Amino acid sequence: MRILNIQRMSTEDGPGLRTTLFVKGCPLACAWCHNPESIDPKSHVEWIGIRCIGCQSCIDICPKHGMTLDEEGMHIIPECPACGTCVKECPTEALEMKGLERSVDELFNELIKDRSFWGEEGGITLSGGEILMQYREAAELLAKFKEAGVHTAVDTSGFCSREALDAVIPYADIFLYDLKLFDSEEHKKFTGQNNKIIIDNFEYLLTKAKRIWVRTPIIPGATDTDENIRGIASIVRDRVEKWELCAFNNLCKDKYERLHLVWDYEKSSLMTKDRMNELVDIAKAAGAENVVWSGMSKREE
Ligand code: SF4
Ligand code: SF4
């Protein structure tokens, strides 16, 4: 599997305390994406400025002469083949390879070390990018955890083939399923794809999955409208265990800076508590049950 990173002690990726495996590659490109480094399935080198002492060893050794360091930070040419020479050379671990290939066995052996933290409710979560782009390996990994008696969660955008869903359903104790935008054109505008496959897969999963939590990122100017919440409520209704409205946060600003990318939401404000409560009420009035909101909110004056 091509992985991005492993996050330990996670409380936001399913029930209880969990270890979450994030992988590289996503077929969507959400305008607000909080993991921009995960979209491209290819490996890449990431520079962590706070650790860099400016020694330039990486620049001198790069066989492609593809690195420059200036006051804006490290620039790496887009053609970088991720050979890893610079990563090995850096004395302060300021360069990290993202998108390393790991076998299912290696990942199982690494993740299972956290078993004592998981307790009754927790376990492992496979997340993205989009985990179901690597569904064969994901199913194999989930099966190993089920055999070991570990609780398993799959966090998906739902933009995947039916074959991919079928491969993981038998080994997933819970699905965390994103429903972002009800209007298909809006969905295409903000994520690059319409929502037909996602809604069809959701209906299918309702008939097959053991448990489902739906998640909707509440993004200012995109998903935070009354109409959108009413629309999603008409699909969700009382058919899932939980529907979580996840308030926008700007914690990923640094990631965009590190990647020298412009983030359209850099200046967007956090949602207010009142508005999040209002959206929950709108969802409930439209017939949805088990609706909650989570995340950061703007400090009220
Ligand atoms: S990964 Fe290789 S080619 Fe890319 S910047 Fe580092 S040394 Fe250069
Ligand atoms: S080798 Fe590491 S510390 Fe030195 S300039 Fe490169 S990234 Fe910075």
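Rules behind the numbers
- Residues numbered from 1 in each chain as written.
- Chains lettered and ligands numbered in written order.
- Predicted model: local features only at pLDDT ≥ 70, side-chain atom pairs only at ≥ 80, totals over all residues.
- Heavy atoms only, no water.
- Near = heavy atom within 4 Å.
- Nonpolar A, V, L, I, M, F, W, Y, C, P; charged D, E, K, R; others polar.
- Helix = DSSP H or I, 4+ residues; strand = E, 2+ residues; numbered from the N terminus.
- Pairing = 2+ DSSP bridges.
- Contact = heavy atoms within 4.5 Å.
- Axes fitted to C-alpha atoms, helices over the stretch in contact; angles between N-to-C directions.
- Phe/Tyr/Trp six-rings, centres within 6.5 Å; stacked < 30°, edge-to-face > 60°.
- Buried < 20%, exposed > 50% of the residue type's maximum accessible area, 1.4 Å probe, protein only.
- Domains from an automatic or database assignment.
- Buried area = accessible area lost by both parts, 1.4 Å probe.
- Salt bridge = Lys/Arg side-chain N within 4 Å of Asp/Glu carboxyl O.
- Polar contact = N/O pair within 3.5 Å; in protein donor to acceptor, adjacent residues only side chain to side chain.
- Parallel < 35°, antiparallel > 145°, perpendicular 65-115°, else oblique.
- Left-handed = near helix turned anticlockwise from the far one by under 90°.

1. Some remarks on the site of ligand 2
At step 1: Surrounding ligand 2, one finds 13 residues, the nearest of these being Cys 52, Cys 55, Gln 56, Cys 58 and Cys 90.
At step 2: For the shell around ligand 2, a count of residues per class yields 10 nonpolar, 3 polar and no charged.

2. Quick look at the environment of Gly 221
At step 1: One can find Gly 221 in the loop between β11 (212–218) and α9 (226–236).
At step 2: Note: C-alpha distance between Gly 221 and Tyr 265 (44 residues apart in sequence) is 9.6 Å.

3. Some remarks on the site of ligand 1
At step 1: Of all residues adjacent to ligand 1, which total 13 residues, the nearest are Cys 62, Cys 80, Cys 83, Gly 84 and Cys 86.
At step 2: Across the shell around ligand 1, the residue classes tally to 10 nonpolar, 2 polar and 1 charged.

4. Quick look at the sheet that holds strand β8 (residues 123–127)
At step 1: On the basis of which strands lie adjacent, the open sheet formed by 9 strands has the order β7-β1-β2-β8-β9-β10-β11-β12-β13 and mixed pairing. Here the strands that pair on one side only, and so sit at the sheet edges, are β7 (100–101) and β13 (291–294).
At step 2: For β8 and strand β9 (residues 151–156), the ladder comprises 4 bridges, and the chain directions are parallel. What sits directly across from Ile 124, in β9, is Thr 152.
At step 3: Strands β10 (174–178) and β11 of the sheet are contacted by helix α8 (residues 196–208), whose axis makes an angle of about 155 degrees with β10.
At step 4: Strands β11, β12 (242–247) and β13 of the sheet are contacted by helix α11 (residues 273–285), whose axis makes an angle of about 160 degrees with β13.

5. Notes on the packing of aromatic side chains
At step 1: All told, the structure shown has 8 aromatic pairs when counted by the stated rule.
At step 2: With centroids separated by 4.7 Å and ring planes inclined at 50 degrees, the aromatic side chains of Phe 108 and Phe 145 adopt a geometry described as tilted. On the criterion of sequence distance, the pair formed by Phe 108 in helix α3 (residues 104–111) and Phe 145 in helix α5 (residues 135–147) is long-range, its members being 37 residues apart.
At step 3: Since its relative accessible area comes to 15%, Phe 108 is described here as buried.
At step 4: Among the residues examined, Phe 145 registers a relative accessible area of 0% and is labelled buried.
At step 5: Centroid distance Phe 248 to Trp 263: 5.8 Å. Interplanar angle 25 degrees. Geometry classified as stacked. With a gap of 15 residues between them, Phe 248 in the loop between β12 and α10 (253–258) and Trp 263 in the loop between α10 and α11 connect regions that are remote in the sequence. A single burial state applies to Phe 248 and to Trp 263, both of which are buried.
At step 6: Pairwise contacts between aromatic rings join Phe 248, Tyr 256, Trp 263 and Tyr 265 into one cluster.

6. Let's talk about the domain arrangement of the protein chain
At step 1: Domain boundaries assigned for the protein chain yield domain 1 (2–40 + 101–294) and domain 2 (44–98).
At step 2: Look at where the C-alpha atoms of domain 1 and domain 2 centre, and you get two points 31 Å apart.
At step 3: With 8 residues of domain 1 in contact, the opposing surface of domain 2 contributes 8 residues.
At step 4: Together domain 1 and domain 2 conceal approximately 630 Å² of surface at their shared face, both sides included; 54% is due to carbon and sulfur atoms.
At step 5: Considering only the surface of domain 1 that becomes buried against domain 2, Lys 24, Arg 258 and His 260 emerge as the three largest contributors, covering 65% of it.
At step 6: Here domain 1 and domain 2 share 0 salt bridges between them.
At step 7: Linking domain 1 with domain 2 are 1 residue pair in polar contact (both at pLDDT 80 or more).
At step 8: Looking at the side of domain 1 that touches domain 2 residue by residue, the class counts come to 3 nonpolar, 2 polar and 3 charged.

7. With respect to the pattern of salt bridges
At step 1: A full pass over the atoms with the stated rule returns 20 salt bridges.
At step 2: A salt bridge links Lys 180 to Asp 178, with the shortest nitrogen-to-oxygen separation between them at 3.4 Å.
At step 3: On the basis of relative accessibility, which here comes to 7%, the residue Lys 180 falls in the buried class.
At step 4: The closest approach of N and O atoms between Asp 226 and Arg 275, which form a salt bridge, is 2.7 Å. Linking Asp 226 in helix α9 with Arg 275 in helix α11, this pair joins segments that are 49 residues apart in sequence.
At step 5: The exposure class assigned to Arg 275 is buried, which follows from its relative accessible area of 19%.

8. A short note on the packing of α9 against α11
At step 1: The N-to-C vectors of α9 and α11 enclose an angle of 40 degrees; their axes lie 9 Å apart at closest approach. Here α11 runs oblique to α9, going by the angle between their axes. For the pair α9 and α11, the crossing hand works out as right-handed. Each of Asp 226, Ile 229, Arg 230 and Ala 233 in α9 lies in contact with α11, whose residues at this interface are Arg 275, Leu 279, Ile 282 and Ala 283.
At step 2: Grouping the amino acids of the contact of α9 with α11 by side-chain chemistry returns 5 nonpolar, no polar and 3 charged.

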